[in-house]
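Structural overview
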Amino acid sequence: MYRLTSCAVILAAAIACRPTPEKSSAPPPAAASSSPESSRKYLLEQIDDASVVQLYADQFAALPLREKTLIWHLSQAAIAGRDIYYDQKHRQALEMRRVLEAIVSHPTGIDPAALAEIQRYTKLFWINSGPYNNLTARKFVLKTTPQALSAAARAAAGAGATFPTQPNESLDQLLTRLGPMFFDANVDAIVTNKTPGPGKDILSSSANNLYSGVSMADLKGFTEKYGLNSRLVKSSGKLSEEVYRVGGRYDKEIRQIISHLEAAIPFATEPMANALRALIQFYKTGEDADRVKYDIAWVADKASPVDTINGFIEVYLDPRGIKGSWEALVFYVNKEKTDRINKFAANAQWFEDHMPFDAKYRKADVKGIVANAIDVVVETGDSGPVTPIGINLPNDQRIREEHGSKSVSLANVREASDNATPASLRTEFSWTPEEAERTMKFGALAAELHTDMHEVIGHASGQQASGFKGTPQEAIKEFFSALEEGRADLVGLYFLGDPKLAELGIVSAADQDAIVRAEYEAYTRNAIVQLRRVREGTQIEEDHMRNRQMIIRWLMANTKAIEQRTRDGKTYLEMTDAKAFRDGVGKLLAEIQRIKSEGDYAAAKKLFETYGIHFEAPLRDEIVKRVDSLNLPSYSGFVMPRLAAVKGGDGAITDVQISYPMDLTTQMLEYAGLSK
Ligand SMILES: [Zn+2]
């Protein structure tokens, strides 16, 4: 149903409010470790505004052999399908990638300046799974000449590289054919264009390969049988569906995926084996009835320690929101972090009974929202190298209502994001070295706890006033989302400072004050740092950003918890009084709960218009200047762990070893089968 704030967005938020330093470059330990090593490297490199971050799966090595073997086969299935997503992005994306990979894997004799530019472009191409920036949906191009590309390709061919030429096509003809995609920003400029302007068609204006020659007008009167899993093609005036299945489109990749899934089944729990068998059946037939059976089997498996998502899932690439992009994730449950989430869920009623709002708005029988914290081992297609940080599936609303859904929080992705954030941001917006230090030590943990409470006890809490009719969404209208996100944030901020957390063993009593302070300081700083994301105008539109500014500006106006200071012409927000901050949070939460429970639209509007939406342009300009001078990334691509199966004499897997490539190029060439 939803994909928790795509990582790009969250990472921007994480950068804004939870800076932690780049760590020194010691290699990671090979041994299993339940807690992340503080000395290892996360941020590997930065290409334009994209960072490359190493992902770690610390508990993998300690898993039983059966689970490791299962993960191995599922990972092979994940890698087997990744070309599908490239092809869905653009009809020439795979050919482009093969040209680039042929060159960068045979660099000898290429002009250094041309090679450097081809490497830059290729890395962006890999991170974004094609030539389109995943934040803006716009095409990026090679900043060299066609002649330089051609010379580089000829040098690579001379060194033994093979190129994806068609029958009777020369290398130069291939490059000429792909030239407009490599060099002309105006050819197929936008991959998904939902608002192409008046009179223009969303399908014709979008460059993706989910459709060929089709416009919205063609769809009138056409019955689509394979909405999620087909490419829709118009030829000679007729529409047809190329179904993604065995014997259909992507036959070769799908057969490979199936063979790896079949190899995985003997190592899976019975509920998971059921789901894998159903998935194989769906890949074979492509029929929606089989997709439904698979969704039901997948959601029924709530307890397996290993799980996978593999198939045509999310629909953001399609401007119509119908066709599924291929993706795969393989992950295991992070027990330590899941136990913590479960502690909040198990004590949800205690938190509800102690909410700082009117007792009549508290639920008598509250259920915490349950989610698993997971560590991903591999993500491909629409999930990697750029990854979400939380996922809730399946998307089929009828199945959600009848059978429920599964929510996962990608714990090791969050950890790596936090740790990859450059140290400069931490120091730039902290008033004192102590504040920067506290963020470094406790910021990541504080943010995790806050997020857990936001999700598990925040959104689940509260009830409507007796006699209230309709839904709070209908009553609060355009301010509802920001109000609800603010409410959940406030629940987290409030209970972070409650002794109950130490009593439950969730934090150590000795550290709690510092953890609370680190979070309050980070949340406060974020109110100005986040302005870097609104480069035009003087209004915030995004709901999470609105709620965060509203909370801090309300506290500034109504408590003595925060001071605005300047030093050397730079603005700082300094959280000076944690007790006043928490008291204020309790008061604001009481009022926001009242607004929601009563459906008080006028009060919601006034609250956001006073505190949450408007800001001063000069302050934003100052922040943008400071952030830009730090050259911060705006999104990240992740290098996945590498698995290697160790086989005994009979061919059976005796161990699966995990290591960390620490290099995007190495991993991408390995995935493409080009590593040496
Ligand atoms: Zn939320």
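Residues numbered from 1 in each chain as written. Predicted model: local features only at pLDDT ≥ 70, side-chain atom pairs only at ≥ 80, totals over all residues. Heavy atoms only, no water.

A side chain of one charge can pair with a side chain of the opposite charge if their charged atoms are brought near each other. A full pass over the atoms with the stated rule returns 51 salt bridges. Here Glu169 and Arg177 are joined by a salt bridge, their closest N and O atoms 2.7 Å apart. The class of Glu169 is buried, set by a relative accessible area of 16%. Overall, Arg177 belongs to the partly exposed group, its relative accessible area being 30%. (Salt bridge = Lys/Arg side-chain N within 4 Å of Asp/Glu carboxyl O. Buried < 20%, exposed > 50% of the residue type's maximum accessible area, 1.4 Å probe, protein only.)

Before going further, it helps to examine the nonpolar core. Of all hydrophobic cores here, the largest spans 123 residues; its most connected members are Phe60, Ile103 and Phe163. Once you skip the residues sitting within four places of it in the chain, Phe60 turns out to touch Lys68, Ile71, Tyr332, Val377, Leu643, Val656 and Ile658. (Core = buried A, V, L, I, M, F, W, Y, C linked by side-chain atoms within 4.5 Å. Contact = heavy atoms within 4.5 Å.)

Here we take up the coordination of the zinc ion. Taken together, His454 (NE2), His459 (NE2) and Glu485 (OE) make up the full set of protein donors to the zinc ion, lying 2.1 Å away. Between consecutive donor residues of the zinc ion, the sequence gaps follow H-x4-H-x25-E. A residue pair is termed long-range when its members are at least 10 positions apart, and His454 in helix H16 (residues 433-458) and Glu485 in helix H18 (residues 480-496) qualify at 31 residues. A relative accessible area of 15% means that Glu485 is categorised as buried. (Donors = N, O, S within 2.8 Å, 3.2 Å for Na, K, Ca; no water. Helix = DSSP H or I, 4+ residues; strand = E, 2+ residues; numbered from the N terminus.)

Looking now at the sheet that holds strand E4 (residues 211-212). Whenever strands of a sheet pair, they do so through backbone hydrogen bonds, lying parallel or antiparallel. The strand order E4-E5-E6 describes an open sheet built from three strands, whose pairing is mixed. If you trace the sheet from one side to the other, it starts and ends with E4 and strand E6 (238-243), each paired once. Relative to E6, strand E5 (residues 230-235) runs antiparallel, the two sharing six bridges. Paired with Arg231 across the two strands is Glu242, which belongs to E6. (Pairing = 2+ DSSP bridges.)

Strand order in the open sheet formed by three strands is E2-E3-E14, and the pairing between neighbours is mixed. Both edges of this open sheet fall to strand E2 (43-47) and strand E14 (635-639), since each of them pairs with a single strand only. Neighbour-to-neighbour, the strand axes of this sheet turn through a mean angle of 25°, independent of strand direction. The pairing of E2 with strand E3 (residues 50-54) spans four bridges and is antiparallel. Following the sheet pairing, Glu45 is matched in E3 by Val52. Sitting on the sheet, helix H5 (residues 112-127) is in contact with E2, E3 and E14, with an inclination near 110° to E2. (Axes fitted to C-alpha atoms, helices over the stretch in contact; angles between N-to-C directions.)

The next subject is H18. In this model, H18 (17 residues) spans 24 Å end to end at C-alpha, consistent with the 24 Å of a helix rising 1.5 Å per residue. Along H18, 16 of the 17 residues are buried, which leaves the element largely enclosed by surrounding structure. (Expected span 1.5 Å × (residues − 1).)

Structurally, Ser230 can be placed in strand E5. Sequence spacing of Ser230 and Gly286 is 56 residues, and the spatial spacing of their C-alpha atoms is 8.8 Å. Once you skip the residues sitting within four places of it in the chain, Ser230 turns out to touch Leu210, Glu241, Glu242, Val243, Tyr244 and Lys323. There is a polar contact of 2.9 Å between the side chain of Ser230 and the backbone oxygen of Tyr226. (Polar contact = N/O pair within 3.5 Å; in protein donor to acceptor, adjacent residues only side chain to side chain.)

In contact at an axis separation of 9 Å, helix H20 (residues 509-529) and helix H21 (residues 543-558) are set at 115° when each is read in the N-to-C sense. Viewed along their axes, H20 and H21 adopt a mutual orientation that is roughly perpendicular. Every pair of crossing elements has a handedness; the one defined by H20 and H21 is left-handed. Of the residues in H21, those in contact with Tyr523, Thr524, Asn526, Ala527 and Ile528 of H20 are Asn547, Arg548, Gln549, Ile551, Ile552 and Arg553. (Parallel < 35°, antiparallel > 145°, perpendicular 65-115°, else oblique. Left-handed = near helix turned anticlockwise from the far one by under 90°.)

Confidence along the protein averages 91 in pLDDT terms, with 94% of residues attaining 70 or more. Low pLDDT, under 50, characterises residues 4-36; the predicted model gives this stretch 102 contacts beyond four residues in sequence or across chains. (pLDDT = per-residue confidence, 0-100.)

Our focus in this paragraph is unusual backbone geometry. A negative phi angle characterises most non-glycine residues, just as the trans form characterises most peptide bonds. Backbone torsion omega between Gly384 and Pro385 reads 10°, so that peptide bond is classified as cis. Within the element layout of this structure, Pro385 appears in the loop between strand E9 (372-381) and strand E10 (388-393). Here Leu393 and Pro394 are connected by a cis peptide whose omega angle stands at 5°. Non-glycine residue Ser129 carries a positive phi angle of around 50°. Mapped onto the fold, Ser129 is located in the loop between H5 and helix H6 (146-158). Positioned with a positive phi, Ser236 is a non-glycine residue whose angle comes to about 50°.

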